[in-house]
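Below are the chains, spelled out letter by letter.
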Amino acid sequence: MKVNLEALLDGRERQVGRAISIVEDRHPDQRELMQEIHPHTGRAQVVGITGSPGAGKSSLVNQLLKHWRKKGEKVAVVAVDPTSPFSGGALLGDRIRMHDHDADSGVFIRSMGTRGSLGGLSEACQDTVRLLDAAGYDRVVVETVGVGQSELDIMKTADTVALVLYPSGGDIIQAFKAGIMEIADLFIINKADLPGVNQLKAELEDLLHISGAPSYKTISETVSTTGEGTKAVIEALEQHHEWLKQSGEKQDRRARQLETDVRRRVLERLEKEMEPVLKEVMQKPDTQDPYELADRIYKRLQERKGE
Ligand SMILES: Nc1nc2c(ncn2[C@@H]2O[C@H](COP(=O)(O)OP(=O)(O)OP(=O)(O)O)[C@@H](O)[C@H]2O)c(=O)[nH]1
Ligand SMILES: [Mg+2]
């Protein structure tokens with residue numbers, strides 16, 4: 001295998017980068033690699049950060065990085081953009097203003113676009129997060145832009161989800177419709193230096209109330225250009241992680257992720273098996289009855305198994 005496992009588990013950046021490329025390319029070594037690192041996962045806090053374009057996600061991540069690095073924690077950031085065809089490091093200068101951390105070996109930053117989407121962007125992202133967890137990063141931040149379905153899938157693989165909003169109107173309803181409100185744990189009103197903060201907060205509280213959200217959800221206000229309010233977010237993240245661990249919810253969430261992952265893999269294989277049989281039966285069907293045709297396909301698949 002191209003990856004030196006020991007160096008990977010030791011968090012050496014070159015090996016971490018290589019391992020991520022294996023996952024993105026769906027290289028034949030992927031399976032063995034993921035099996036080998038599996039016993040070393042489960043320690044990191046995986047923080048998903050999402051919100052509409054320009055909400056200030058990257059600025060916030062930058063502030064969080066500063067805090068965590070001061071405490072000596074190792075942090076990895078995966079910036080996922082489902083609209084970008086690029087992966088790797090090229091876009092980072094644009095997407096995340098984090099040049100301050102360039103020379104810092106306790107920080108690993110990677111961008112991920114649709115190049116990693118051969119097997120689905122959220123799958124590539126999930127395996128990447130597992131690699132970073134195994135490589136010893138204490139916090140793994142996944143930043144996604146927008147509030148569409150692929151972002152939602154990506155966020156579901158995080159332990160703690162933060163939704164970044166800002167006073168401009170509109171995006172809160174969009175988030176509500178997209179289902180991100182339901183899975184978000186932390187609501188961060190960024191750009192709190194701009195007018196309209198109280199109104200947004202009131203709207204948010206109303207919506208949380210309507211959806212019958214449990215009380216552990218928190219709302220914070222930040223100005224990510226200056227760093228104001230970051231401490232409260234750090235604390236909220238910390239508290240949420242503690243709650244996750246103590247309530248057993250962290251294990252439950254990971255178990256649900258595992259089931260989703262396994263289900264997808266089994267379905268992929270079943271679909272592959274079904275494909276030729278379906279083609280055969282559908283070539284010149286002597287009936288238009290879908291029930292009958294589905295029955296025939298199912299029977300043939302079972303006969304094949306019996307052979
Ligand atoms: N006034 C004000 N501007 C902010 C604040 N936080 C970020 N900005 C500005 O908002 C713009 C977008 O910030 P980013 O951090 O790039 O936002 P983003 O959500 O990561 O953007 P995308 O990744 O492109 O979706 C930048 O010009 C920031 O300087 C804030 O708290 N107040
Ligand atoms: Mg950004």
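Residues numbered from 1 in each chain as written. Chains lettered and ligands numbered in written order. Predicted model: local features only at pLDDT ≥ 70, side-chain atom pairs only at ≥ 80, totals over all residues. Heavy atoms only, no water.

### A short note on the overall build of the protein chain
Here's step 1: Each helix and strand in the protein chain was counted, giving 13 helices and seven strands.
Here's step 2: Among the 307 residues that make up the protein chain, the fraction classed as buried is 47%.
Here's step 3: In the protein chain, the proportion of contacts linking residues at least 24 apart, taken out of those at least 6 apart, comes to 76%. (Helix = DSSP H or I, 4+ residues; strand = E, 2+ residues; numbered from the N terminus. Buried < 20%, exposed > 50% of the residue type's maximum accessible area, 1.4 Å probe, protein only. Contact = heavy atoms within 4.5 Å.)

### Here's the deal with the environment of A178
Here's step 1: Relative to the helices and strands, A178 is located in helix 8 (residues 171–178).
Here's step 2: Between the C-alpha atom of A178 and that of L152, which follows or precedes it by 26 residues, the distance is 7.8 Å.

### Quick notes on helix 2 (residues 13–24)
Here's step 1: With 12 residues, helix 2 extends 16 Å from end C-alpha to end C-alpha; this agrees with the ideal 16 Å at 1.5 Å per step.
Here's step 2: Among all positions of helix 2, only Q15, V16, G17, A19, I20, I22, V23 and E24 are buried.
Here's step 3: The inward-facing, buried residues of helix 2 contact helix 1 (5–9), helix 3 (30–37), strand 3 (107–112) and helix 6 (121–134). (Expected span 1.5 Å × (residues − 1).)

### Examining a nonpolar patch on the surface
Here's step 1: Among the surface-exposed residues, L258, V262, V266, L267 and L270 lie close enough to one another that they form a single nonpolar patch of about 440 Å² accessible area.
Here's step 2: Among the secondary structure elements, L258 is positioned in helix 12 (residues 249–282). (Patch = residues over 30% accessible without salt bridge, like charges linked within 9 Å, V, L, I, M, F, W, Y side chains within 5 Å. Areas by Shrake-Rupley, 256 points an atom, 1.4 Å probe, with all protein chains shown as cover. Salt bridge = Lys/Arg side-chain N within 4 Å of Asp/Glu carboxyl O.)

### Brief notes about the packing of aromatic side chains
Here's step 1: By the definition in use, this model includes one aromatic pair.
Here's step 2: Each ring, one from F108 and one from Y137, has its centre 6.1 Å from the other, and the planes form 45 degrees; the classification is tilted. Of this pair, F108 sits in strand 3 while Y137 is found in the loop between helix 6 and strand 4 (139–144), placing the two residues 29 residues apart along the sequence.
Here's step 3: Exposure remark for Y137: the relative accessible area of 0% places this residue in the buried category.
Here's step 4: Above the plane of the ring of Y137 lies K74, whose end atom (NZ or CZ) is 4.7 Å from the centre.
Here's step 5: Sitting over the face of the ring of Y166, K191 holds its NZ or CZ atom 4.6 Å from the ring centroid. (Phe/Tyr/Trp six-rings, centres within 6.5 Å; stacked < 30°, edge-to-face > 60°. Lys NZ or Arg CZ within 6 Å of the ring centre and 35° of its normal.)

### Let's talk about the coordination of the magnesium ion (ligand 2)
Expected angles at a metal are 109.5 degrees for tetrahedral coordination by four donors and either 90 or 180 degrees for octahedral coordination by six donors.
Here's step 1: Note on the magnesium ion (ligand 2): its protein donors are S58 (OG) and E143 (OE). The metal-donor distances range over 2.1 to 2.3 Å. Here E143 lies in strand 4 and S58 lies in helix 4 (residues 57–70), a separation of 85 residues in the sequence. Per residue, the accessibility class of S58 equals that of E143, and both read buried. (Donors = N, O, S within 2.8 Å, 3.2 Å for Na, K, Ca; no water.)

### Side note on the pairing of strand 6 (residues 186–189)
Here's step 1: Residues L186 and I188 line one face of strand 6 and the alternating positions F187 and I189 line the opposite face, and both faces are buried.
Here's step 2: When strand 5 (residues 160–165) meets strand 6, the two strands line up parallel, connected through four bridges. Of the residues in strand 6, the one forming a bridge with A162 is L186.
Here's step 3: Of the strand pairs in this sheet, strand 6 and strand 7 (residues 218–221) are connected by four bridges, and their pairing is parallel. Within the sheet, the bridge partner assigned to F187 lies in strand 7 and is I219. (Pairing = 2+ DSSP bridges.)

### Some remarks on the nonpolar core
Here's step 1: By size, the foremost hydrophobic cluster in this structure holds 47 residues, and its most contacted members are L131 and L132.
Here's step 2: The leading source of residues in this core is helix 6, at seven residues.
Here's step 3: For L132, the contacting residues outside a window of four places in its chain are V16, I20, A76, V78, F108, Y137 and V140.
Here's step 4: Counting residues in hydrophobic clusters, the runner-up holds 21 residues, among them L186, I188, V233 and A236. (Core = buried A, V, L, I, M, F, W, Y, C linked by side-chain atoms within 4.5 Å.)

### Let's talk about the pattern of salt bridges
Here's step 1: Enumeration over the complete set of coordinates arrives at 26 salt bridges.
Here's step 2: When the shortest N-O distance is used, the salt bridge between E268 and R26 registers 3.9 Å. Residue E268 is found in helix 12, and its partner R26 is found in the loop between helix 2 and helix 3; the two are separated by 242 residues along the sequence.
Here's step 3: Linking R296 and E292 is a salt bridge whose minimum nitrogen-to-oxygen distance equals 3.0 Å. Of this pair, R296 and E292 both sit in helix 13 (residues 290–306), four residues apart, roughly one helical turn.

### Some remarks on the pairing of strand 5
Here's step 1: A large share of strand 5 lies buried, amounting to six of its six residues.
Here's step 2: In strand 5, alternate side chains face the same way, and those of T160, A162 and V164 on one face and V161, L163 and L165 on the other are all buried.
Here's step 3: Looking at chain direction, strand 1 (residues 45–51) and strand 5 are connected through five bridges and run parallel. Residue pairing for strand 5: G51 is matched across the bridge by V164.

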